[in-house]
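As a plain string of letters, each chain reads:
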Protein chains: 2
Amino acid sequence: MKQTRNTTAKTEILDLISQSEVALSHSEIQSALDGLCDRVTIYRVLNRLVEEDLVHKVVNTDGGVKYASCHSCATTHNHNHIHFSCQKCKSVTCLENVEPSFKLPKKYKVSEVNFTVSGICPKCS
Amino acid sequence: MKQTRNTTAKTEILDLISQSEVALSHSEIQSALDGLCDRVTIYRVLNRLVEEDLVHKVVNTDGGVKYASCHSCATTHNHNHIHFSCQKCKSVTCLENVEPSFKLPKKYKVSEVNFTVSGICPKCS
DNA sequence: CTTATTTTTGCAACAATGTTGCATTAAGTA
DNA sequence: TACTTAATGCAACATTGTTGCAAAAATAAG
Ligand SMILES: [Zn+2]
Ligand SMILES: [Zn+2]
Ligand SMILES: [Zn+2]
Ligand SMILES: [Zn+2]
């Protein structure tokens, strides 16, 4: 297994995501970093962070991809909660307490879920 | 309100999607049509089909977008069912009978959902 | 059937997002 | 300090989706 190193880019990006209330997209991160590193580096760091389970990926209802930190990972480590996507302010929020229940036909083997709900968030209504 | 016309492209594309067991992506449709019309036309037809509720859009766990026909639309017309994305054969299937239940905090107003589960489908296991 | 009206289409150009190869830089370690 | 290997920057490319505009096709009207 390969090693992983702590670089400025990685630290800064993880800090940004951890300290954000909402999930962040690549382009939002790029603006926030303001030239600290290259676009490509951001993509690679994000992949690494997901790989290392320090961050999780959220696919929005419009297909856009955002990243959020795993606040509850220390204990349970699953990312089965719902994400809410506000159509007004475009924010994507983890609702870590909301885990939907569903029953698939037996033969399906589940390894990952992505539940996104869009509408109007509390702040916008 | 504007009219809508029945064109060859629209008919062919709707047929393709209706007769498919699995959800189809733009590029899959393009290959199947084999030059019948331009890429751009396919995008525009797909948007129209979604607009007219003849087809629904599925955003996969990897962010890819696919389209599926609405078999149950005649009666209930909601697209709240789960979609299953097979990591092996890459197929995306509507599980029209599986509607997850979940409870959001009161203040959120829901207008659309996208539930995707990925793993291994029956055919691949 | 012919003409008129409005939607659709094709094409070219553009934009956004993500990936890859390769030489250079920098982190961790001995 | 020097060495090894991961991480970065840069350029180039790939995919997906959008927009403007002139030409073509579908419906409606005569
Ligand atoms: Zn909002
Ligand atoms: Zn989350
Ligand atoms: Zn499969
Ligand atoms: Zn479906």
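Up top is the structure these notes are about.
Please read all numbers here as calculations on a predicted model, not as lab measurements.

About the thresholds
- Residues numbered from 1 in each chain as written.
- Chains lettered and ligands numbered in written order.
- Predicted model: local features only at pLDDT ≥ 70, side-chain atom pairs only at ≥ 80, totals over all residues.
- Heavy atoms only, no water.
- Near = heavy atom within 4 Å.
- Polar contact = N/O pair within 3.5 Å; in protein donor to acceptor, adjacent residues only side chain to side chain.
- Helix = DSSP H or I, 4+ residues; strand = E, 2+ residues; numbered from the N terminus.
- Buried < 20%, exposed > 50% of the residue type's maximum accessible area, 1.4 Å probe, protein only.
- Contact = heavy atoms within 4.5 Å.

Draft legend 1. Examining the protein's contact with DNA strand C more closely. The environment of DNA strand C is formed by 20 residues, the closest being Arg 39 of chain A together with Arg 5, Thr 41, Arg 44 and Arg 48 of chain B. Sugar and phosphate atoms represent 51% of those atoms of DNA strand C found within 4 Å of the protein. Taking Asn 6 of chain A, its main chain carries an N or O atom lying 3.2 Å from a phosphate oxygen of DNA strand C. Contact distances for DNA strand C include 2.8 Å between a phosphate oxygen and a backbone N or O atom of Asp 38 of chain B. Counting only elements with at least two residues in the surface near DNA strand C, the list comes to helix 3 (39-51) of chain A together with helix 3 (39-51) of chain B. The leading source of residues in the surface near DNA strand C is helix 3 of chain B, at five residues.

Draft legend 2. Focus on the environment of Ile 13 of chain B. All names here are of chain B. In this structure, Ile 13 sits in helix 1 (residues 8-19). What makes Ile 13 buried here is its relative accessible area of 0%. For Ile 13 and Ile 42, which are 29 residues apart along the polypeptide, the C-alpha to C-alpha distance reads 7.8 Å. When sequence neighbours within four positions are dropped, the list of residues in contact with Ile 13 reads Ile 29, Leu 33, Ile 42, Val 45, Leu 46 and Leu 49.

Function cannot be read off these values alone, since they describe shape.
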